[in-house]
Amino acid sequence: MKILGVSAYYHDAAACIIIDGEIIAAAQEERFTRKKHDSNFPFNAINYCLNEAKIKANSIDNVVFYDKPFLKFERLLETYLAFAPKGFKSFSTSLPIWLKDKLFQKRIIIDALKDLSGIDNKWEEKLLFSEHHLSHAASAYFPSPFNRAAILTIDGVGEWTTTSLALGKEHELSIYKEIHFPHSLGLLYSAITYYLGYKVNSGEYKVMGLAPYGEPKFAKLIKDHLIDIKNDGSFALNMNYFDYCTGLTMTNEKFNSLFGSPPRKQESKLTQRDMDIAASIQVVLEEILLKLAKDIAKTTGEKNLCLAGGVALNCVANGKILREKIFDSLWIQPAAGDAGGAIGAALGAYHIMHNQPRKFINGIDSMKGSYLGPEFNQKDVIQSLSSLGAVFETLTEDKIIEKTAQALTNGNAIGWMNGRMEFGPRALGGRSIIADPRSQSMQKLLNLKVKFRESFRPFAPSVLREYVSQWFEMDYDSPYMLLVADVIKDKRREMTLNEQVLFGIDKLNVSRSEIPAVTHVDYSARIQTVHKETNPRYYALINRFKELSGCPVIVNTSFNVRGEPIVCSPEDAFRCFMGTELDVLVIGNIFLKKTDQLLSLQKSYKNKYELD
Ligand SMILES: [Fe+2]
């Protein structure tokens, strides 16, 4: 049985193909169109999935869309009616888009499928619509290593639901409790993101990265005025302070007077107050998530918890849930945002609608390390690089690992393209920029010369799974970089009194541990554990680096410049290599040094992308 899952028209469009319940391929449209968060119908991603699965569109049994457009329209309409005439501005702006692109989505999707298949193929009968949070819940539970689990999904909003509590048993899944729009934890976090001068639906992780610099001085204010939190973790927002129902912004004048100023201007200087607000919303979010987790543990009696929805990308909060030991085990869908809805929609149809059992792969989840995207063979890479005028050498498997590990210890910043591309927002050693975390200057260098971004966020460490507890206060699988834990005390360097009072980025530039490039100002790190089973080459590279340096940890940041989708093809990788101050590029067994390349090929392209 071949099922295509599709997510589109809202945030990140994506496609996924499953065959007899096995996830064969999944990819986000942005990686092909090079348009960050591209929400258009994912023609490229679908074509890739069909090619990878070696099937024709005609042989697909079901296409499952990740949410229900009519329910979403109903929400817009009812929200408008509830807030009329105040909401007319936002309604009149969104209505034409809805009428044109969204309300008649079924027709549009069928037409798109006809374009793909060339013939009608009875798409009307084969097209199904899942519900938004059911897609999230299915994406969290079905690929997990558990045969039963409690499931928590939290995001901005789908149709009506913003939070759902569900239970998965064998191949059954049922949602038993929901919190509805406008009461939304995702939208509250987004409102603060907006107020702090960052883009909604993309800047949330910056707020999380800013939080360790601040004190939660505004947490009481937030709880007294913005959100009412019950003991079971359910919550209600005070809509007097938010404008997302009626206006085109997230917050309003009343919100501004509560915090004492208008929103921060994008790209303006950060203040201690901004950092304190970030710390405050993080603390409030964590309080609610812990209460929800405790409630779902109590009501279901389950030992395993699965998480999805955009809020599940808050790895700091996830780390807290793990440390509280509310559940024995925790699994988080790596594509926790709407892109992952494509996987959930397809798996939901297979297991729930078609009543098909689940398969377990030796206690490992069935996401294949999230390496579900395109791979390029050596012949294609050589052809691409040659046509671009690149100078390169092709090495054996052993030599490429040795030479790359040596380059790491020599302080080089390396573009590393290896095997299939990751599905989800994180680079996991498939399309990564890697470096030596022990270097005091690496944090600054990578930020300024390669990523072209603000440098208040540290990079993430990739660590061999066997060594994680020798370097971090955690002994748990975190293959998708979705758990945060502290560097262990032995590896820390306590800051002097003078260093402790430094402000912002100056504090980040103080050496706080043996691996300063991946240690945040509060000693925390966003950890990816690397497993031999899912990425043997990446494992071998870090292992060789450990033999040379004594350190089983490397810096891993996504292979892109600021505002650019992560690279997909060899061409994307070479452009990023030549447009930045990366020293080395490795694509499979092919090794390129910047100093070997023609100067005329060096082209800066960072201004091509809108800042994220
Ligand atoms: Fe969502």
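What you are looking at is a predicted structure, and each value in this text was computed from that prediction instead of being measured.

Trainee: So what exactly am I meant to see when it comes to the sheet that holds strand β2 (residues 14-19) here?
Mentor: Backbone-to-backbone hydrogen bonds pair the strands of a sheet. The strands run either parallel or antiparallel. Read across the open sheet, the 5 strands follow the order β3-β2-β1-β4-β5; overall the sheet is mixed. Whereas interior strands pair on both sides, the edge strands pair on one side only; in this sheet they are β3 (22-28) and β5 (127-129). This sheet shows a mean twist of 20 degrees between the axes of neighbouring strands, independent of strand direction. In terms of strand pairing, strand β4 (residues 62-65) meets β5 through 3 bridges, oriented parallel. Its bridge partner lying in β5, Val64 is registered against Leu128.

Trainee: How should the packing of aromatic side chains be read in this particular structure?
Mentor: Centre-to-centre distance and the angle between the planes together describe a pair of aromatic rings. Taken as a whole, this structure holds 16 aromatic pairs when the rule is applied. A centroid spacing of 6.1 Å and a plane angle of 40 degrees characterise the contact between Tyr9 and Phe65, whose relative ring orientation is tilted. Of the two residues, Tyr9 sits in the loop between β1 (2-7) and β2 while Phe65 sits in strand β4, which places them 56 residues apart along the sequence. Since its relative accessible area comes to 13%, Tyr9 is described here as buried. Taken together, a centroid distance of 5.8 Å and an interplanar angle of 40 degrees make the contact between Phe218 and Phe259 tilted. Separated by 41 residues along the polypeptide, Phe218 in the loop between α9 (204-210) and α10 (219-226) and Phe259 in helix α11 (residues 253-259) bring together distant segments of the chain. Judged by relative accessible area, Phe218 falls into the buried class, the value being 17%. Accessibility expressed as a relative area gives 5% for Phe259, which makes it buried.

Trainee: Help me understand the packing of helix α8 (residues 185-195) against helix α12 (residues 272-300) in this model?
Mentor: The description of two packed helices rests on the angle between their axes and on the distance between the axes. Running from N to C, α8 and α12 point in directions that differ by 175 degrees, and their axes come no closer than 10 Å. The orientation of α8 relative to α12 falls into the category roughly antiparallel. Mapping the contact onto sequence places Leu185, Leu188, Tyr189, Ile192 and Tyr195 in α8 and Arg273, Ile277, Ile281, Gln282, Leu285, Ile288 and Leu289 in α12. Among the residues making up the contact of α8 with α12, the classes are represented as 10 nonpolar, 1 polar and 1 charged.

Trainee: Any chance you could explain the coordination of the iron ion here in plain terms?
Mentor: Ideal donor angles around a metal are set by the shape: a four-donor tetrahedron calls for 109.5 degrees, a six-donor octahedron for 90 or 180 degrees. For the iron ion, every protein donor is listed as His132 (NE2), His136 (NE2), Asp155 (OD) and Asp338 (OD), and the spread of their distances is 2.2 to 2.3 Å. Counting along the primary sequence, the residues that act as donors to the iron ion give the motif H-x3-H-x18-D-x182-D. With His132 in helix α7 (residues 132-141) and Asp338 in the loop between β12 (329-332) and α14 (341-353), this residue pair connects regions lying 206 residues apart in the sequence. Comparing His132 with Asp338, the two get one shared label, buried.

Trainee: Please clarify how the environment of Asn231 should be interpreted in this entry.
Mentor: In this structure, Asn231 sits in the loop between β9 (227-229) and β10 (235-237). On a C-alpha basis, the gap between Asn231 and Lys325 in space is 18 Å, while along the polypeptide they are 94 residues apart.

Trainee: Before we go on, may I ask you to explain the sheet that holds strand β6 (residues 148-154) in this structure?
Mentor: Spatially, the 5 strands line up as an open sheet ordered β8-β7-β6-β11-β12, and their pairing is mixed. Each having just a single partner strand, β8 (172-180) and β12 make up the two edges of the open sheet. Within this sheet the neighbouring strands show an average axis-to-axis angle of 20 degrees, counted without direction. The strands touched by α12 are β6, β7 (161-169), β8 and β11 (304-308); relative to β6, the strand with the most contacts, the crossing angle is about 150 degrees. Along the sheet face, helix α13 (residues 315-323) touches β11 and β12 and points at about 160 degrees away from the line of β12.

Trainee: I would appreciate a short explanation of the pattern of salt bridges in the present structure.
Mentor: Pairing between side chains of opposite charge can happen when the charged atoms of each approach one another. Counted by the stated rule, this structure contains 33 salt bridges. Lys177 is the partner of Asp295 in a salt bridge, and the nearest nitrogen-oxygen pair spans 3.5 Å. With Asp295 in helix α12 and Lys177 in strand β8, this pair connects stretches of sequence that are 118 residues apart. Residue Lys177 is classed as partly exposed on the basis of its relative accessible area of 28%. Close ionic contact of Glu402 with Arg544 constitutes a salt bridge, the shortest N to O distance being 2.5 Å. One end of the pair, Glu402, is in helix α16 (residues 397-409); the other, Arg544, is in helix α21 (residues 536-549), with 142 residues separating them in the sequence.

Rules of the game
By convention here, each chain's residues receive numbers from 1 onward along its written sequence. Per-residue local features of the predicted model are confined to residues with pLDDT of at least 70, and side-chain atom pairs are confined, for both listing and counting, to 80 or more; whole-chain, interface and lining totals are unaffected and use all residues. Side-chain figures throughout are based on the complete set of non-hydrogen atoms in the structure, without hydrogens or water. Between any two strands, pairing holds if DSSP finds at least two bridges. Under the scheme used here, helices are H or I runs from DSSP no shorter than 4 residues and strands are E runs no shorter than 2 residues, and both carry numbers assigned from the N terminus. Only C-alpha atoms enter the line fits that serve as axes; for helices the fit covers just the stretch in contact. Angles between N-to-C directions range over 0 to 180 degrees. Under the pairing criterion, centres of Phe, Tyr and Trp rings, with the six-membered ring standing for Trp, must be within 6.5 Å; the plane angle then separates stacked pairs below 30 degrees from edge-to-face pairs above 60, leaving the rest tilted. Only protein chains enter the area calculation, which uses a 1.4 Å probe; residues under 20% of their type maximum are buried, those over 50% are exposed, and those in between are partly exposed. An angle below 35 degrees is treated as roughly parallel, one above 145 as roughly antiparallel, one from 65 to 115 as roughly perpendicular, and anything else as oblique. Two residues qualify as a contact provided that any one of their heavy atoms is within 4.5 Å of a heavy atom in the partner residue. Classification convention: Asp, Glu, Lys, Arg as charged; Ala, Val, Leu, Ile, Met, Phe, Trp, Tyr, Cys, Pro as nonpolar; all other residues, Gly among them, as polar. With water omitted from the atoms examined, metal sites may look incomplete; donors here are N, O and S atoms no farther than 2.8 Å from the metal, or 3.2 Å in the case of Na, K and Ca. Any carboxyl oxygen of Asp or Glu within 4 Å of a side-chain nitrogen of Lys or Arg constitutes a salt bridge here.

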